[in-house]
Amino acid sequence: MQSRRLGVQQLVRVAAPLALLLLLLVAGTQVVVVEGAGVNKEVWGSMSAKISGIIIPGFVSSQLRAWAILDCPYTPLDFRPLDPVWLDTKKVLSATNCWLKCLLLDPFTQADHPECKSRADTGLSAITELDPGYITGAVSSVWRQWVNWLVEFGIEPDAIVAVPYDWRLAGSLLEERDLYFHKLKLTFETARKLRGGPTLVYAHSMGNNVFRYFLEWLKLEIAPKQYMAWLDDHVHAYYAVGAPLLGAAESVKALMIGVTFGLPIPEGTARLLCNSFSSSLWMLPFSKHCHVNDRMCSKRQCADGKVGPHFFCDKNEAEGNSSSWPVDIAKVEFPASPGSCPAVAMVTYPDVSPQPNSAVVERSYSAHQISDGTFLKDLMDVDVHSTSSFHHLIKYYLEDPILNPLTPWTRPPIQNVYCVYGLDLKTEIGYHFAPSGKPYPDNWVISDIIFENEGGTLQSRSGVRVSGTSSPASGDVSVPYNSLSYCKTWLGPQVNITRTPQTAHEVCDIQQELNVLHDFDTDIIPNMTREGGAKYITYYEDGVSLPGKRTAVWELDKVDHRNIVRSPVLLRELWLETIHSLHPDAKRHFVSKEHREPMRDEDCYWDYGRARCSHPDHCEYRYVFGDVHLGQSCRLKASSDKDHILNYL
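Residues numbered from 1 in each chain as written. Predicted model: local features only at pLDDT ≥ 70, side-chain atom pairs only at ≥ 80, totals over all residues. Heavy atoms only, no water.

With an unreviewed UniProt entry as reference, the protein is termed Phospholipid--sterol O-acyltransferase, source organism Sphagnum jensenii.

(A) A look at a negative patch on the surface. Together, Glu506, Asp509, Glu531 and Asp617 line one region of the surface with negative charge. Here Glu506 is to be found in the loop between β16 (494-501) and β17 (511-517). (Patch = residues over 30% accessible without salt bridge, like charges linked within 9 Å, V, L, I, M, F, W, Y side chains within 5 Å. Areas by Shrake-Rupley, 256 points an atom, 1.4 Å probe, with all protein chains shown as cover. Salt bridge = Lys/Arg side-chain N within 4 Å of Asp/Glu carboxyl O. Lys, Arg positive; Asp, Glu negative; His and termini not counted. Charge placed at Lys NZ, Arg CZ, Asp CG, Glu CD. Helix = DSSP H or I, 4+ residues; strand = E, 2+ residues; numbered from the N terminus.)

(B) Geometry of the pattern of salt bridges. If you walk through the whole model with that rule in mind, you get 29 salt bridges. The shortest N-O distance in the salt bridge between Asp158 and Arg195 comes to 2.9 Å. Note that Asp158 is positioned in the loop between α7 (144-152) and β5 (160-162) and Arg195 in helix α9 (residues 180-195), a separation of 37 residues in sequence. Under the relative-accessibility criterion, Asp158 is labelled partly exposed at 38%. According to the relative accessible area criterion, Arg195 is buried, its value standing at 14%. One salt bridge in this structure joins Arg635 and Asp627, with 3.0 Å as the shortest N-O distance. Taken individually, Arg635 and Asp627 each receive the classification buried, so the pair is uniform in this respect. Overlapping salt bridges, with partners in common, bring together Asp112, Arg119, Asp166, Arg168, Arg177 and Asp178 in one network. (Buried < 20%, exposed > 50% of the residue type's maximum accessible area, 1.4 Å probe, protein only.)

(C) A nonpolar patch on the surface, seen in detail. A contiguous nonpolar surface patch, about 340 Å² in accessible area, is contributed by Tyr608, Tyr621 and Leu630. Residue Tyr608 is classed as exposed on the basis of its relative accessible area of 62%.

(D) Representation of the sheet that holds strand β14 (residues 444-452) within the structure. Taken in spatial order, the five strands line up as β11-β10-β13-β14-β15 in an open sheet, and their pairing is mixed. Each of the sheet's edge strands pairs with one partner strand only, and the pair in question is β11 (360-365) and β15 (458-460). Ignoring which end each strand starts from, the neighbouring axes of this sheet average 20 degrees apart. Here strand β10 (residues 330-335) runs beside strand β13 (residues 427-435); their pairing, made up of three bridges, is parallel. (Pairing = 2+ DSSP bridges. Axes fitted to C-alpha atoms, helices over the stretch in contact; angles between N-to-C directions.)

(E) Representation of helix α13 (residues 267-276) within the structure. For α13, the buried fraction is high: eight of the 10 residues fall into the buried class. When we look at burial in α13, the residues that qualify are Gly268, Thr269, Ala270, Arg271, Leu273, Cys274, Asn275 and Ser276. At its buried positions, α13 is contacted by α4 (96-103), α12 (250-256), α17 (387-398) and β14. (Contact = heavy atoms within 4.5 Å.)

(F) Spotlight on the packing of aromatic side chains. Within the structure shown, the criterion is met by 32 aromatic pairs. Centre to centre, the rings of Trp167 and Phe277 are 6.0 Å apart; their planes meet at 80 degrees, and the pair counts as edge-to-face. Highlighted residues: Trp167 in the loop between β5 and α8 (171-178) and Phe277 in the loop between α13 and β8 (290-292), separated in sequence by 110 residues. When sorted by exposure, Trp167 lands in the same class as Phe277, which is buried. Above the face of the Phe451 ring, Lys426 is positioned so that its terminal group lies 4.4 Å from the ring centre. Directly above the aromatic system of Tyr539 lies the positively charged group of Lys593, at a separation of 4.7 Å from the ring centroid. (Phe/Tyr/Trp six-rings, centres within 6.5 Å; stacked < 30°, edge-to-face > 60°. Lys NZ or Arg CZ within 6 Å of the ring centre and 35° of its normal.)

(G) Local environment of the pairing of strand β6 (residues 199-204). By the criterion of burial, β6 is predominantly enclosed, with six of the six residues buried. In β6, alternate side chains face the same way, and those of Thr199, Val201 and Ala203 on one face and Leu200, Tyr202 and His204 on the other are all buried. Where strand β1 (residues 52-56) meets β6, five bridges bridge the pair, whose relative direction is parallel. In the sheet register, Ile55 faces β6, and the bridge partner there is Tyr202. The pairing of β6 with strand β7 (residues 235-241) spans six bridges and is classified as parallel. Bridging from a neighbouring strand, Ala203 pairs with Ala240 of β7.

(H) The packing of α7 against helix α19 (residues 568-582), seen in detail. The geometry of α7 relative to α19 is characterised by a closest axis approach of 11 Å and an angle of 40 degrees between their N-to-C directions. Here α19 runs oblique to α7, going by the angle between their axes. Crossing hand, α7 versus α19: right-handed. Across from Gln145, Trp146 and Trp149 in α7, the residues of α19 making contact are Pro568, Leu570, Leu571, Arg572 and Leu574. (Parallel < 35°, antiparallel > 145°, perpendicular 65-115°, else oblique. Left-handed = near helix turned anticlockwise from the far one by under 90°.)

(I) Spatial organisation of the packing of helix α10 (residues 206-221) against helix α11 (residues 224-234). Look at α10 against α11: their axes get within 9 Å of each other, and the N-to-C directions meet at 135 degrees. Considering their axes alone, α10 and α11 lie oblique with respect to each other. Read as a crossing pair, α10 and α11 show a hand that is right-handed. Seen from α10, the contacting residues are Phe214, Leu215, Leu218 and Lys219; seen from α11, they are Tyr227, Trp230 and Leu231. Partitioning the contact of α10 with α11 into residue classes produces six nonpolar, no polar and one charged. (Nonpolar A, V, L, I, M, F, W, Y, C, P; charged D, E, K, R; others polar.)

(J) Structural detail: the state of the cysteines. Enumeration over the complete set of coordinates arrives at six disulfides. In this model, Cys290 is linked to Cys313 through a disulfide, with the two sulfur atoms separated by 2.0 Å. Disulfide Cys290-Cys313: the torsion about the S-S bond is 110 degrees, which places it as right-handed. Within this pair, whereas Cys290 is found in strand β8, its partner Cys313 is found in strand β9 (residues 311-313), the two being separated by 23 residues in sequence. Each disulfide pairs two cysteine sulfurs, and for Cys613 the partner residue is Cys634, the sulfurs being separated by 2.1 Å. The S-S bond linking Cys613 to Cys634 shows a torsion near -85 degrees; that makes this disulfide left-handed. Here Cys613, found in strand β21 (residues 612-613), pairs with Cys634, found in strand β23 (residues 634-636); they are 21 residues apart in sequence, far enough to count as distant. Judged by relative accessible area, Cys613 falls into the buried class, the value being 6%. (Disulfide = S-S within 2.5 Å.)

(K) View of α19. Here α19 spans 21 Å end to end across 15 residues, near enough to the 21 Å set by a 1.5 Å rise per residue. Across the 15 residues that make up α19, a large majority, 13, are buried. (Expected span 1.5 Å × (residues − 1).)

(L) Representation of the nonpolar core. Among the nonpolar cores identified, the biggest contains 161 residues, and Trp99 and Trp554 are the most heavily contacted of them. With eight residues, α10 is the largest single contributor of residues to this core. If near-sequence neighbours (up to four positions away) are discounted, Trp554 is found in contact with Tyr239, Tyr418, Cys419, Val420, Tyr421, Ile537, Thr538, Tyr539, Leu570, Glu573, Leu574 and Glu577. Counting residues in each nonpolar core, the second largest holds six residues, with Cys604, Trp606, Cys613 and Cys634 among its members. (Core = buried A, V, L, I, M, F, W, Y, C linked by side-chain atoms within 4.5 Å.)

(M) Structural detail: unusual backbone geometry. With an omega dihedral of 15 degrees, the bond running from Trp86 to Leu87 counts as a cis peptide bond. With respect to the helices, strands and loops of the structure, Leu87 is situated in the loop between β3 (84-86) and α3 (89-94). For the bond from Tyr440 to Pro441, the omega torsion is 10 degrees, close enough to zero to count as cis. Along the chain, Pro441 falls in the loop between β13 and β14. A positive phi is found at Asp424, a non-glycine position, where the angle reads about 65 degrees. As for its position among the elements, Asp424 is in the loop between β12 (416-423) and β13. If you check the backbone angles, Asn515 has positive phi at about 55 degrees while not being a glycine. Within the secondary structure layout, Asn515 lies in strand β17.

As structure tokens, this is what we get:
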């Protein structure tokens, strides 16, 4: 007992000085506890009282959960109902075979594995973090920052709805198996009834393809005279974020090699997954010059030998090169006599490259030849495992009675359309494939990759000179520039262009060109400058060509495909544009770009050159216990100005 008392006394002797030191620090320092991130929720939240938002995530950007009881041998990690399948990194590493059973689909029927089914999760939690956890959560975060913004600005929980889907399925299967588009229509109608106003649609990446399919499906679900009225009543604005409007070259790489998405799995395993998903073809590159003819072909082949339905291509397809893409998408080395020994011919090459005495034929495929089935049909002659992909292409795309997604998309018939994407990052736009000499799924290797770099210049991985058509800019790492910027064809004959810094700025920092003439089906290249390493956002706006409708394109410098939904700059502009479009006193077609003031504590920083917080009219130095550097202590000033939103109208 005496020793215990001595232990307590020693603890008190040690703790007392520490407690006294802590009290002195607190007494000598002005400690302010603030709520949230400096955002006036009363002001901003009231602006969107009747509006709601629907988020449609992209490919592999929402959770899938197991619906099975699956015991996995040689590991304690089994699958039970509602266990995460996409994504659970622990099971990817330690129970790979079980994980594949839950994720793979039958290559032809698209049925689940007999031992394990997976279905899309529901709610916002399904899209915020794919693999929640102390370490994996931040790495797998997708829409987390987006949701954080909504909370900071006072948006009610029932005002934002996530509509995840099984991203393994093509559009027709989403409706056939899950009634996804019926449920999506009910979601719009429920949101309007609950909030009393129309909805904002935020779609990212392949989520835009899903929304496009929904709009076409809706035409058959609603009487033609009621279609436009329904859209006007239920959809206020559509934000197409990182939309692959002409597809992405990376989808061809996924079919031939596999894309791991950063997972610790071999590329061959990734290819197995990709080739089992009918959705893998949803983002195949295609030509903007070709459309589907109304006449369908029978028995998967037309009288002239072409696969699937006839395409009608304008003269630009014949006169131009590479189907309006900078280069041909794929260049493949085939045996000299394809078809003589299917599948076996692929293992006649012992090395990555064919032997000097091995006769090969090199064929190039444009975007149109990939989307119309020519590429896969040729591939089947030497790689029988491509048959399933060819089957998917015919059944779920070329012969889809609702929509062939591999055709150009005209402007959606929605009141307000905003097309948003990043640019000027190194992006893959073409590949050279060669036999590897290994069995499926590793029977192909990439012998060369064609990139578009900042400014649109073309470069090959091997250093070989690239002949092609350069673009004015490059893409966003995943989607090439010509595919992202195709939405500029939605703009009218006169466009207002504004370029501003992405950070807070004043009117002297902007560049502007008004009433720029724009020819349909052409790009718009502003005559503006970029200074040093500064990042800009360029706005192309048309509020007059279509009565009652507005169209805008936003280009964000150096923002990549995945992280664009986490970009504070994009979130700020989305928020301001939304508030502007709903405000009864708005005088402009679009929100003013003349200045941007800090809106959150994160927008304030320490200016070491002036030894003060930046933007002194809006930011102040206010220490909060726990701050570790000066920039953390720069925060928004407490303001009682409830009408500062009028500055943007």
